[in-house]
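Chain by chain, the residues run as shown.
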2 protein chains.
Amino acid sequence: MISLEQEVLAKNDKVAERVRGWLAGRDTVALNFMSSPGAGKTTLLERTISDLRSELPLSVIEGDQQTAHDAERILAAGCKVVQINTGAGCHLDASMVARALVQLDPPRKSLVMIENVGNLVCPALFDLGELAKVVVVSVTEGDDKPVKYPHMFRASKLMILNKIDLLPHVQFDVEKCVAFARQVNPRIEVIRLSATRGDHIEYWYGWLRKHVNELTLTGQLV
Amino acid sequence: MISLEQEVLAKNDKVAERVRGWLAGRDTVALNFMSSPGAGKTTLLERTISDLRSELPLSVIEGDQQTAHDAERILAAGCKVVQINTGAGCHLDASMVARALVQLDPPRKSLVMIENVGNLVCPALFDLGELAKVVVVSVTEGDDKPVKYPHMFRASKLMILNKIDLLPHVQFDVEKCVAFARQVNPRIEVIRLSATRGDHIEYWYGWLRKHVNELTLTGQLV
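What you see is a predicted model; the values in this text were computed from it and never measured.

Novice: In this structure, what is going on with the overall build of chain A? I would like to understand it.
Specialist: When you go through chain A residue by residue, the secondary structure sums to 8 helices and 7 strands. A compact globule built from 222 residues would reach a C-alpha radius of gyration of about 17 Å, and chain A, at 17 Å, matches this within 12%. Its C-alpha atoms give chain A principal-axis dimensions of about 50 × 45 × 35 Å. Going through the 222 residues of chain A one by one, you find that 59% of them count as buried. Contacts in chain A between residues far apart in sequence, at least 24 positions, make up 73% of those at least 6 positions apart. Accessible surface, chain A as shown: approximately 9,100 Å² in total, 52% of it carbon and sulfur. Charge separation in chain A, taken as the distance between the mean sites of 26 positive and 27 negative side-chain charges, equals 3 Å.

Novice: Help me understand the interface of chain B and chain A, please; the structure alone is not making it clear to me.
Specialist: Contact residues are listed per partner, giving 36 residues for chain B and 36 residues for chain A. In this assembly, chain B packs against chain A so that about 3,000 Å² is buried in total across both faces, 60% of it on carbon and sulfur atoms. In terms of surface lost to chain A, no three residues of chain B exceed Pro37(B), Gln65(B) and Lys148(B), which account for 19% of the buried area on that side. The tally of links between chain B and chain A comes to 4 salt bridges. A salt bridge links Asp70(A) to Lys148(B); its shortest N-O distance comes to 2.7 Å. Here chain B is connected to chain A by 12 residue pairs in polar contact (both at pLDDT 80 or more). Elements with a minimum of two residues in the side of chain B that touches chain A: helix 1 (2-25), helix 3 (69-76), helix 5 (145-148) and helix 6 (150-155) of chain B. Of all the elements, helix 5 of chain B adds the most residues to the side of chain B that touches chain A, at 3 residues.

Novice: I would appreciate a short explanation of the packing of aromatic side chains in the present structure.
Specialist: Any pair of aromatic rings gets described here by the distance separating the centres and the angle formed by the planes. Residue and element names in this part refer to chain B. Tallied over the entire structure, the rule returns 4 aromatic pairs over all chains. Seen from their ring centres, Phe33 and Trp204 are 5.9 Å apart, and the 85 degrees between their planes marks the pair as edge-to-face. With Phe33 in strand 1 (residues 29-35) and Trp204 in helix 8 (residues 201-218), this residue pair connects regions lying 171 residues apart in the sequence. What makes Phe33 buried here is its relative accessible area of 0%.

Novice: Got a minute to help me understand the sheet that holds strand 6 (residues 158-162) of chain B in this structure?
Specialist: Sheet strands line up and pair through hydrogen bonds in the backbone, either parallel or antiparallel. Residues and elements named next belong to chain B. Read across the sheet, 7 strands follow the order 3-2-4-1-5-6-7 without closing on themselves; strand pairing throughout is parallel. Every interior strand has two partners, whereas the edge strands, strand 3 (80-85) and strand 7 (189-192), have only one. Neighbour-to-neighbour, the strand axes of this sheet turn through a mean angle of 20 degrees, independent of strand direction. As paired elements, strand 2 (residues 58-64) and strand 4 (residues 111-115) share 5 bridges and run parallel to each other. Its bridge partner being in strand 4, Val60 is matched across the sheet by Met113.

Novice: Whenever I open this one, the sheet that holds strand 5 (residues 132-138) of chain A confuses me. Can you help?
Specialist: All names here are of chain A. Taking strand neighbours across the sheet as the criterion, the 7 strands line up as 3-2-4-1-5-6-7 in an open arrangement whose pairing is parallel. Of all strands in the sheet, those with a lone pairing partner are strand 3 (80-85) and strand 7 (189-192), marking the two edges. Going from strand to strand, the sheet's axes swing by 20 degrees on average, the running direction of each strand aside. Where strand 6 (residues 158-162) meets strand 7, 4 bridges bridge the pair, whose relative direction is parallel. In the strand pairing of strand 7, Met159 is matched with Val190. Against the sheet, helix 7 (residues 174-184) engages strand 6 and strand 7, with an angle of about 155 degrees to strand 7.

Novice: Is there a simple way to think about the relation of the copies chain B and chain A in this case?
Specialist: Superposing the two chain copies requires a rotation about an axis and a translation along that axis. With an RMSD of 0.0 Å, the operation that places chain B on chain A is a rotation of 180 degrees combined with a shift of 0.0 Å along the axis. Taken together, the turn and the small shift mark the pair as related by a two-fold rotation axis. A share of 100% of the interface residues of chain B reappears at the interface of chain A, consistent with the copies meeting face to face through the same patch.

Novice: In this structure, what is going on with the environment of Arg209(A)? I would like to understand it.
Specialist: Take Arg209(A): it is sitting in helix 8 (residues 201-218). Each C-alpha atom of the pair Arg209(A) and Glu55(A) lies 9.6 Å from the other, and the pair is 154 residues apart in sequence.

Novice: How should the pairing of strand 5 (residues 132-138) of chain B be read in this particular structure?
Specialist: For a regular strand, the rule is simple: side chains alternate between the two faces of the sheet. All names here are of chain B. Most of strand 5 sits out of view: 7 of its 7 residues are buried. As paired elements, strand 1 and strand 5 share 5 bridges and run parallel to each other. The residue of strand 5 that forms the bridge with Leu31 is Ala132. Relative to strand 6, strand 5 is paired through 5 bridges, and the arrangement is parallel. Note on strand 6: the bridge partner recorded for Val135 is Met159.

Novice: What is the right way to read helix 4 (residues 94-104) of chain B from this model?
Specialist: Along an α-helix, residues three or four apart share an orientation, since each turn contains 3.6 residues. Residues and elements named next belong to chain B. Taken together, the buried positions of helix 4 are Ala94, Met96, Val97, Ala100, Leu101 and Leu104. The buried residues of helix 4 all sit within an arc of 150 degrees when viewed along its axis, so they share a single face. Away from its buried face, by an angle of more than 90 degrees, helix 4 presents the exposed residues Arg99, Val102 and Gln103. If you check the start of helix 4, you find a side-chain oxygen 3.1 Å away from the backbone N of Ser95, and it comes from Asp93. Positive phi shows up at Asp105, right after helix 4, with a value of about 50 degrees.

What counts, and at which threshold
Residues numbered from 1 in each chain as written. Chains lettered and ligands numbered in written order. Predicted model: local features only at pLDDT ≥ 70, side-chain atom pairs only at ≥ 80, totals over all residues. Heavy atoms only, no water. Helix = DSSP H or I, 4+ residues; strand = E, 2+ residues; numbered from the N terminus. Rg over C-alpha atoms; globule rule 2.2 N^0.38 Å. Buried < 20%, exposed > 50% of the residue type's maximum accessible area, 1.4 Å probe, protein only. Contact = heavy atoms within 4.5 Å. Areas by Shrake-Rupley, 256 points an atom, 1.4 Å probe, with all protein chains shown as cover. Lys, Arg positive; Asp, Glu negative; His and termini not counted. Charge placed at Lys NZ, Arg CZ, Asp CG, Glu CD. Buried area = accessible area lost by both parts, 1.4 Å probe. Salt bridge = Lys/Arg side-chain N within 4 Å of Asp/Glu carboxyl O. Polar contact = N/O pair within 3.5 Å; in protein donor to acceptor, adjacent residues only side chain to side chain. Phe/Tyr/Trp six-rings, centres within 6.5 Å; stacked < 30°, edge-to-face > 60°. Pairing = 2+ DSSP bridges. Axes fitted to C-alpha atoms, helices over the stretch in contact; angles between N-to-C directions. Least-squares fit on C-alpha atoms with pLDDT ≥ 70 in both. Arc of directions from axis to C-beta.

Put into structure tokens, the structure is as follows:
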């Protein structure tokens with residue numbers, strides 16, 4: 001079973017590199033958003049779209065086992081979107097993203113936001129050709145998630161700690177959670193915000209401007 | 001890939017039946033608790049142990065990618081526990097449970113509570129030899145989870161809607177969530193409670209008494 005897993009991943013990684021090249025050819029980058037179900041990925045994307053679309057061309061690929069609920073929300077927020085339904089599948093892979101990208105046809109010098117299936121385990125293993133993986137954690141989930149799901153936090157460049165408006169109502173030690181995340185990935189960046197209420201949302205936009213704009217403007221293949 | 005998945009599942013299902021028989025041989029049953037990460041499974045088990053251990057012999061199998069945090073919490077609550085770490089794995093399978101049960105050595109006429117890896121996708125496919133699957137949903141996750149992850153809700157006998165103490169602070173339509181769950185599984189039972197505060201916890205204990213006691217007392221093999 002282990003050698004088979006390696007084969008599947010090796011095949012996926014090759015397709016992911018092709019996707020990365022296709023995006024670079026359009027001076028475009030993708031971010032891969034991952035989290036537990038219900039951590040607030042879609043709400044974060046909705047707010048980002050409504051606040052940044054005049055500044056940065058955006059489009060979205062939505063991954064879910066079933067339903068087009070999230071795609072409908074993104075569409076209502078005023079953004080191009082393609083929904084992938086994985087059926088029994090637990091993660092997006094690079095081939096699914098490749099097919100969706102052709103359909104999405106994102107404009108040049110733009111950002112594609114890929115919302116993965118809500119799952120803190122399997123998506124961590126699959127490169128989708130993204131610039132970076134972003135893990136969203138809700139403060140309602142408990143502060144020990146980074147050490148219980150280390151692969152996800154090791155693979156991520158940024159951890160967004162969401163729903164901070166609920167901190168007064170739950171037991172969650174922010175410092176402890178950040179320390180746990182740095183324990184498995186010393187270089188992980190952290191932004192705390194509330195996507196629903198908008199608290200600290202400017203830090204997230206600052207991160208996006210810094211990491212995305214410079215890359216979409218250069219569009220480097222290597 | 002599909003035929004391989006079927007082979008893996010068929011092999012798992014055979015081991016699961018052996019586990020089911022082993023448990024029946026001890027007049028014991030197991031429940032398989034599944035949820036997103038951080039929905040409150042461990043807190044529910046802690047409270048159940050502290051309230052019911054004089055009435056019903058209990059023991060626990062804990063599944064996590066890494067750490068023994070949950071096993072330590074269960075041990076502190078005064079209960080026998082075996083921790084399974086799945087590493088990169090995204091679910092428990094019947095062979096892992098079989099090995100853990102031998103180590104756990106649960107007493108006759110008892111209940112084994114299996115806390116699966118926090119994942120609303122993959123664990124739905126794997127029979128662990130349990131009497132029933134119980135899915136725990138937190139009201140912080142959004143009310144559309146049952147239609148977005150239908151396999152999980154189709155496989156579950158009971159949905160526990162947890163963290164109802166947070167309802168005043170989040171957007172969550174309880175009736176809508178229950179309707180969505182019944183849409184994918186018309187026979188699913190539903191209990192709303194707060195494991196942290198104890199609201200409505202007696203409904204859960206009533207369910208346990210009804211379903212577990214009658215079966216552990218008869219210990220039927222077929």
